[in-house]
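In case you want the letters, here they are:
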Amino acid sequence: MSTTSMHPATSASQNQPADQSQSPALPYARRRDQLVGSVIDASTTVLAQYDHDIVKFGMGAPAPDMLPAADFARIAAQVFSPENFTYGETKGEPVLIDALHEYLTSTDQIPPEQQGNRDRLLITSGGMQGLDLGFKLFVTPGDLVACESPTYTNGSATAMSYEAEILEIPVDEEGMQIDALVDHTRRTGRAPKVIYTVPTFQNPAGVTMSLPRRERLLEFAHRHRSVIIEDNPYGMLRFEGESLPALSDLSPNDPLIFGVRTFSKFVAPGLRVGWIDVDPEVRELAVNAKQTMDSCAPVPNQHLIARWLQEGGADSHVEVLRKAYRERKIAMSEGLARLFPGEVRATDPDGGFFLWVTFEEESINTEDLMTTALEEGVAYIPGPAFSPAGNFSNALRLCFASAAPDRIDDGLQRLRRAVDRYRAER
């Protein structure tokens, strides 16, 4: 290589400010076009542009009155000591791993075959880091990743950031349609390298994968050596019906199951602490991968959660959440039936955070409706945000967990006004 190709020739013109309009394109990585971002997360910026009252059905977050803030304030005075404001172990603070393992064991969230095995747990900076680690470890550019449709597109977007090809599999009231997954594989001769699923109280649809489909999904994964990334942030928030076993319960110690969990949905999202439950061999690789990302999850917050778990705070708090979320789900379901009779179809979840609402009138575009809705004082996430292909233009997601029943009714009335305005203005 010549020196002139490495270093531009010196000239008087080089001392002049560069004309940025004439600058060559930056040498981005090939994955640049796959960094699609998140409509969901971007909604917080959109809301900040409005200074009037808005009922927030958009972000999937607990309402402020559902956070154990008083407990945290008390515990913080005990654990926010100088030694806890430094770097910690990448795998997580031992005190939190122990407290978490004890809590999961006491609430039957760990199969008997895995109880006593703390080597499967790794503490992450929120659930999103768990998803990132899963796709980082198992996706090579060009690999096929199957996801539900609609899906939590922060998950599919993470897969795309590693240059995956996304296959959308339809969802119905029993969750992912495994027949469609099998048919696609048979027709194309190509099985997905990774299957991403939120099987329990799915985001955004709220539906739960039935037991027969869970068993068929495991059978498919074992036949084709497909890794299942089981995203399970809502599993402990069941307020009706009978519990179903997680995929990891049905197939204990299965190296093909990469379990992702978070404290965001049943404790507080701002703590940014979650965990993965994986085969010990996979965990060692995940530790290496995490060390290139953030070294460790927030240490003070880990000690805060550990003490809260040790004190038994989670047991009583989860019961409060279940009761409150059931009331809020009923308020939202009844409000939709009253204010939109015959105009919408909504899912009826037994837990979690969300209702998936579809307008019978297919010409209603929920992305176009959004501006009017915000002007009327209500926020939601439009349906196309939950499909990499941009499907579901006449659907939207509503979070019932984020508002009290009277506030939910107020928000739905605002949505009613917005839809009427939208129709009139069209």
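Everything below is about the structure printed above this text.
Cut-off values and rules
Residues numbered from 1 in each chain as written. Predicted model: local features only at pLDDT ≥ 70, side-chain atom pairs only at ≥ 80, totals over all residues. Heavy atoms only, no water. Pairing = 2+ DSSP bridges. Helix = DSSP H or I, 4+ residues; strand = E, 2+ residues; numbered from the N terminus. Axes fitted to C-alpha atoms, helices over the stretch in contact; angles between N-to-C directions. Parallel < 35°, antiparallel > 145°, perpendicular 65-115°, else oblique. Left-handed = near helix turned anticlockwise from the far one by under 90°. Contact = heavy atoms within 4.5 Å. Nonpolar A, V, L, I, M, F, W, Y, C, P; charged D, E, K, R; others polar. Buried < 20%, exposed > 50% of the residue type's maximum accessible area, 1.4 Å probe, protein only. 1 Å grid on protein atoms, 1.4 Å probe; cavity = no way out; pocket = protein on both sides within 12 Å on 5 of 7 lines; lining within 4 Å. Points joined across faces, edges and corners; volume = space filled by probe spheres on them. Core = buried A, V, L, I, M, F, W, Y, C linked by side-chain atoms within 4.5 Å. Phe/Tyr/Trp six-rings, centres within 6.5 Å; stacked < 30°, edge-to-face > 60°.

**Focus: the sheet that holds strand β11 (residues 354-359)**
Sheet strands line up and pair through hydrogen bonds in the backbone, either parallel or antiparallel. Read from one edge of the open sheet, four strands run β10-β11-β14-β13, paired in antiparallel fashion. The two strands at the open ends of the sheet, each matched to only one other strand, are β10 (344-346) and β13 (381-382). Pairing of β11 with strand β14 (residues 395-399) involves five bridges; the strand directions are antiparallel. Its bridge partner lying in β14, L355 is registered against L398.

**Notes on the packing of helix α7 (residues 178-188) against helix α8 (residues 211-224)**
At a minimum axis separation of 10 Å, α7 and α8 run at an interaxial angle of 25°. When the axis of α7 is compared with that of α8, the two are roughly parallel. Along this stretch, α7 crosses α8, giving a crossing that reads as left-handed. Residues I178, D179, L181, V182 and T185 of α7 form the contact with α8, whose own contacting residues are R213, R216, L217, F220 and H224. The residue inventory of the contact of α7 with α8, partitioned by class, reads five nonpolar, two polar and three charged.

**What to know about the pairing of β11**
Within β11, six of the six residues are buried, which leaves it mostly tucked inside the rest of the structure. In this structure, β10 lies alongside β11, joined through three bridges in antiparallel fashion. In the strand pairing of β11, R345 is matched with T358.

**Some details on the environment of T124**
Looking at the element boundaries, T124 is found in strand β2 (residues 121-124). The exposure class of T124 is buried, given its relative accessible area of 0%. When the C-alpha atoms of T124 and V282 are compared, they prove to be 14 Å apart, with 158 residues separating the residues in sequence. The residues touching T124, leaving out its near neighbours within four places in the chain, are Q129, G130, L133, R272, V273, G274, W275, I276, K290 and A297.

**So, empty space enclosed by the protein**
A water-sized probe, rolled over the atoms, reveals where empty space remains. Counted by the stated rule, this structure contains one cavity of 30 Å³ or more. Estimated volume of the largest cavity: approximately 30 Å³. Contributing to the lining of the largest cavity are H101, I110, Q114, N117, R120, L121 and D277. Here the lining of the largest cavity is composed, by residue class, of two nonpolar, three polar and two charged.

**Regarding the nonpolar core**
F135, F258, F263, F266, L309 and Y325 are the most contacted members of the largest nonpolar core, which totals 107 residues. With eight residues, the single largest contributor to this core is helix α12 (residues 313-339). Counting 17 residues, the second-largest nonpolar core is a separate cluster that includes L167, I169, L181 and L218.

**Observations concerning the packing of aromatic side chains**
The full count for this structure, using the stated rule, is 15 aromatic pairs. A centroid spacing of 6.4 Å and a plane angle of 10° characterise the contact between Y103 and F266, whose relative ring orientation is stacked. Of this pair, Y103 sits in helix α4 (residues 94-106) while F266 sits in the loop between β8 (257-262) and β9 (274-277), and the two are 163 residues apart along the sequence. Both residues of the pair, Y103 and F266, belong to the buried class. Ring centres of Y234 and F354 lie 5.7 Å apart, and the angle between their planes is 80°; this geometry places the pair in the edge-to-face category. Linking Y234 in the loop between β7 (227-231) and α9 (247-250) with F354 in strand β11, this pair joins segments that are 120 residues apart in sequence. Each member of the pair, Y234 as well as F354, is classed as buried. An aromatic cluster of at least three residues, connected via ring pairs, comprises Y103, F263, F266 and W275.

**A few points about the side chain of R414**
Looking at where R414 falls in the secondary structure, it is placed in helix α14 (residues 405-425). Not counting residues up to four positions away in its chain, the partners in contact with R414 are D53, I54, V55, E376, G377, V378 and R407.

**Some details on the environment of V79**
In this structure, V79 sits in helix α3 (residues 69-79). For V79, a relative accessible area of 5% puts it in the buried group. In this structure, the C-alpha to C-alpha distance between V79 and R307, residues 228 residues apart in sequence, is 8.1 Å. Setting aside anything within four residues of it in sequence, one finds V79 in contact with N84, H303, L304 and R307.

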